[in-house]
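Structural overview
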Amino acid sequence: MLKKTLLAASLATLSLSSASAFAIENVDLLIKNGQILTMDREKTIFDNGLIAIRDNKIVAVTDGSDINEYKSVKTIDADGDIVMPGLINTHTHASMTVFRSLADDVPDRLHRYIFPLEKKLVSREMVRIGAQLGNVEMVKGGVTTYADMYYFEDEVAKTVDQIGMRAILGETIIQFPVASAKTPEDGIKYAEKLIHEYKDHPRITMAFAPHGPYTNSTETLQTIAKLSMKYDVPVMMHLAESDREREVIAKRSGGLSPVKYMESIGALNENLVAAHVIDANEEDIAILKKYDVGIAHNMSANIKSAKGVSPALQMFNDGLRIGLGTDGPMSGNTLSTIDEFNQVAKVHKLVNKDRAAMPPKNVIEMATIGAARALHMEDKVGSLEVGKLADVIVIDTKAPNMVPVYNPYSALVYSAYATNVKHTIVDGKVIMENRNVLTVNEDSIRKEALQFADKVRQTVIESGEIVQ
Ligand SMILES: [Zn+2]
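In this text the structure is predicted, and so the values were computed from the model without any measurement.

Procedures and definitions
Residues numbered from 1 in each chain as written. Predicted model: local features only at pLDDT ≥ 70, side-chain atom pairs only at ≥ 80, totals over all residues. Heavy atoms only, no water. Helix = DSSP H or I, 4+ residues; strand = E, 2+ residues; numbered from the N terminus. Rg over C-alpha atoms; globule rule 2.2 N^0.38 Å. Buried < 20%, exposed > 50% of the residue type's maximum accessible area, 1.4 Å probe, protein only. Contact = heavy atoms within 4.5 Å. Areas by Shrake-Rupley, 256 points an atom, 1.4 Å probe, with all protein chains shown as cover. Lys, Arg positive; Asp, Glu negative; His and termini not counted. Charge placed at Lys NZ, Arg CZ, Asp CG, Glu CD. Axes fitted to C-alpha atoms, helices over the stretch in contact; angles between N-to-C directions. Left-handed = near helix turned anticlockwise from the far one by under 90°. Nonpolar A, V, L, I, M, F, W, Y, C, P; charged D, E, K, R; others polar. Polar contact = N/O pair within 3.5 Å; in protein donor to acceptor, adjacent residues only side chain to side chain. UniProt positions renumbered as here; feature names shortened; annotations may be inferred. Arc of directions from axis to C-beta. Expected span 1.5 Å × (residues − 1). Parallel < 35°, antiparallel > 145°, perpendicular 65-115°, else oblique. Donors = N, O, S within 2.8 Å, 3.2 Å for Na, K, Ca; no water. Tetrahedral: all angles 85-135°; square planar, octahedral: opposite > 155°, others 65-115°. Salt bridge = Lys/Arg side-chain N within 4 Å of Asp/Glu carboxyl O. Phe/Tyr/Trp six-rings, centres within 6.5 Å; stacked < 30°, edge-to-face > 60°.

The next point concerns the overall build of the chain. Broken down by element type, the chain carries 16 helices and 17 strands. For 468 residues, the compact-globule estimate of 2.2 N^0.38 gives 23 Å, and the chain sits close to it at 22 Å. With respect to the principal axes defined by its C-alpha atoms, the chain has extents near 70 × 50 × 45 Å. Burial analysis of the chain (468 residues in total) assigns 58% to the buried set. Residue pairs at least 24 apart in sequence account for 73% of intrachain contacts in the chain once pairs closer than 6 positions are excluded. Just so you have it, the chain exposes about 19100 Å², and 52% of that area is on carbon and sulfur atoms. Of note, the chain has its 52 positive side-chain charges centred 1 Å away from the centre of its 61 negative side-chain charges.

Now for the packing of helix H3 (residues 124-140) against helix H4 (residues 153-163). For the pair H3 and H4, the least separation of the axes is 8 Å and the interaxial angle reads 35 degrees. The handedness of the crossing between H3 and H4 is right-handed. Side by side, H3 and H4 meet where Arg 124, Val 127, Arg 128, Ala 131, Gln 132, Asn 135, Val 136 and Val 139 of the first sit next to Asp 154, Glu 155, Val 156, Thr 159, Val 160, Gln 162 and Ile 163 of the second. Of the residues assigned to the contact of H3 with H4, the class counts are seven nonpolar, four polar and four charged.

With respect to the helices and strands, the residue His 91 is situated in strand S6 (residues 87-92). A residue is classified by how much of its surface remains accessible, and His 91, at 2% relative accessible area, is buried. A polar atom in the side chain of His 91 sits 3.1 Å from the side chain of His 238. Look past the residues within four positions of His 91 in its chain and what remains in contact with it is Ala 147, Met 149, His 238, Ala 275, His 276, Ala 296, Asn 298, Gly 325, Thr 326 and Asp 327.

To continue, consider the environment of Ser 463. If you trace the backbone, Ser 463 turns up in the segment after helix H16 (442-462). Measuring from C-alpha to C-alpha, the distance between Ser 463 and Asn 216 comes to 28 Å, with 247 residues separating the pair along the chain. Side-chain polar atoms of Ser 463 contact the backbone oxygen of Val 460, separated by 2.9 Å.

Attention now moves to the UniProt feature "domain: Amidohydrolase-related" (unreviewed entry) in the chain. Those residues carrying the UniProt feature "domain: Amidohydrolase-related" (unreviewed entry) are residues 82-430 in this numbering. Annotation note: span residues 82-430, helix share 42%, strand share 18%, distance between end C-alpha atoms 16 Å.

Our next topic: helix H9 (residues 282-290). The periodicity of an α-helix, 3.6 residues per turn, causes residues three or four places apart in sequence to face the same way. Where H9 is concerned, the buried positions are Asp 284, Ile 285, Ile 287 and Leu 288. The arc that holds the buried residues of H9, viewed along the axis, is 160 degrees, so those residues lie on one side. Among the exposed residues of H9, those pointing more than 90 degrees away from its buried face are Glu 282 and Lys 290. Looking at the buried positions of H9, the neighbouring elements they touch are strand S10 (235-239), helix H8 (258-264), strand S12 (294-297) and helix H11 (312-317). Regarding H9, its N-cap is Asn 281, as a side-chain oxygen of that residue lies 3.1 Å from the backbone nitrogen of Glu 283 further along.

Between its terminal C-alpha atoms helix H12 (residues 338-352) stretches 22 Å, which fits the 21 Å expected from 15 residues at 1.5 Å a residue. Buried within H12 we find Ile 338, Glu 340, Phe 341, Val 344, Ala 345, Val 347, His 348 and Lys 349. Positive backbone phi, at 45 degrees, marks Lys 353, one or two positions downstream of H12.

Our focus in this paragraph is the packing of helix H13 (residues 360-367) against helix H15 (residues 408-415). Across the interface, H13 lies against H15 with an axial gap of 8 Å and an inter-helix angle of 75 degrees. By the angle between their axes, H13 is roughly perpendicular relative to H15. Each of Pro 360, Lys 361, Val 363 and Ile 364 in H13 lies in contact with H15, whose residues at this interface are Tyr 409, Ser 410, Leu 412, Val 413 and Tyr 414. By residue class, the composition of the contact of H13 with H15 is seven nonpolar, one polar and one charged.

So, about the coordination of the zinc ion. Every protein donor of the zinc ion is accounted for by His 91 (NE2), His 93 (NE2), His 238 (NE2) and Asp 327 (OD), and the metal-donor separations fall at 2.1 to 2.2 Å. Viewed at the metal, the four donor atoms of the zinc ion are separated by angles of 87 to 169 degrees, and the geometry they form is irregular. Mapped onto the sequence, the residues coordinating the zinc ion show the spacing H-x1-H-x144-H-x88-D. Residue His 93 is located in the loop between S6 and helix H2 (109-121), and its partner Asp 327 is located in the loop between strand S13 (321-324) and H12; the two are separated by 234 residues in the primary sequence. Overall, His 93 belongs to the buried group, its relative accessible area being 8%.

Attention now goes to the pattern of salt bridges. Counted according to the given criterion, the structure contains 29 salt bridges. In this structure, Asp 79 engages Lys 398 in a salt bridge whose closest nitrogen and oxygen atoms are separated by 3.5 Å. Residue Asp 79 is located in the loop between strand S4 (70-77) and strand S5 (82-85), and its partner Lys 398 is located in the loop between strand S14 (392-395) and H15; the two are separated by 319 residues in the primary sequence. Assessed through its relative accessible area of 41%, Lys 398 is described here as partly exposed. One salt bridge connects Arg 244 with Asp 108, and the closest N-O pair in it is separated by 3.1 Å. With Arg 244 in helix H7 (residues 243-253) and Asp 108 in the loop between S6 and H2, this residue pair connects regions lying 136 residues apart in the sequence. Taking the relative accessible area as the measure of exposure, Arg 244 reaches 34% and is therefore partly exposed. Via salt bridges that share partners, Asp 79, Asp 81, Lys 398 and Lys 422 belong to a single interconnected network.

For the rest of this paragraph, the subject is the environment of Pro 408. Residue placement: Pro 408 occurs in helix H15. Remark: the alpha-carbon pair of Pro 408 and Lys 361, spanning 47 residues in sequence, is separated by 8.9 Å.

This model, assessed by the stated rule, comprises three aromatic pairs. Note on Phe 152 and Tyr 190: the rings are 6.2 Å apart at their centroids and 70 degrees apart in plane angle, and the pair reads as edge-to-face. Of this pair, Phe 152 sits in the loop between strand S7 (143-150) and H4 while Tyr 190 is found in helix H5 (residues 184-197), placing the two residues 38 residues apart along the sequence. For Phe 152, a relative accessible area of 9% gives the class buried.

Here's what the structure looks like:
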């Protein structure tokens, strides 16, 4: 497949250069003078390269010597900045931005705090307001595609459509009553309805999102696995995340690990994207690889919750489909994967006592093409190659924290801030230019979120719960 793409790319270049004396190619967007990290199989870098985009696709990625062969509606002069594939956040709950920074250090927070809070406050309005804010944060942090798990995902879809991002949106299914469904069966029906409604959407894929193996029955997990194969849609789920999960599953299954239990009930397949996967031994990892399961690695959320460090280094080295995720903004607490880079590189070095472990190039791979593989989208996004969808970001290398750039991967992983993202392009459309989001009104989104935060504050105070 990749070879074919490369062949097509070289043929395209050949035909262009032979025709160059006679024809100028019309394109919609040119990005010139960029240090282009293609993230293709060879990790090709063009130091002063050019990307040409027509409609929503990349039609050329070159060393820039052919610049006179293109006539473009719009041109971005990257002026030496880093140009790279849009980042892909493989696991989040974007709407939870409105709960960000509440009860950050409360032990057993999910069951003691988050679930009760959500029972009081989750609504269509909350989901919309939170997702709008999350989307703006992600676009400003260079995220062009994200995988979301929450309730009322049709509300999230509307916000994704509006801002112009790409997303996989999984309706959460859980064993207790929630705002969008009284029972897990209702949750499954809700997800099925959205899957049908959005099946032809160019940028949005609807999915199932069972919360976890321990928060759903065996029957529910089996039904979802079968339906995901029937509709060929992703299943996103927290897996092998906590001690509580291990205990519940061991009791239910006669001592199996969460991964082995999922295998034993027939719920592992290539549609599954498993978030966290902290509690996995070599055998579990081999099983996940065998079923071609995608892995969302959420370092900052995992270390903040003190749940442990995922064996992501081994999973990456073993060739599993693994990408970076931020988890929800109550966990991570930011939604830009740039904030993960540093921690991913450093914590794997620390726990493996190996300075050479998890080099920056591998971290950037997990944020781009690796994340695309985790979501089974690698044929469409994740690298800058001819024929792929045009999701591209430009990183400012003139910011003081980025000067100088000897190694672009190192600069991105160890020095970059999310605020260094200068332009964000999704599906060939510039949706952020010079840090101005063009498709939505950032100020009104922030104001609406702050108004909702007053409601959250009031609810927390009335319930006598801890604010700090
Ligand atoms: Zn999560």
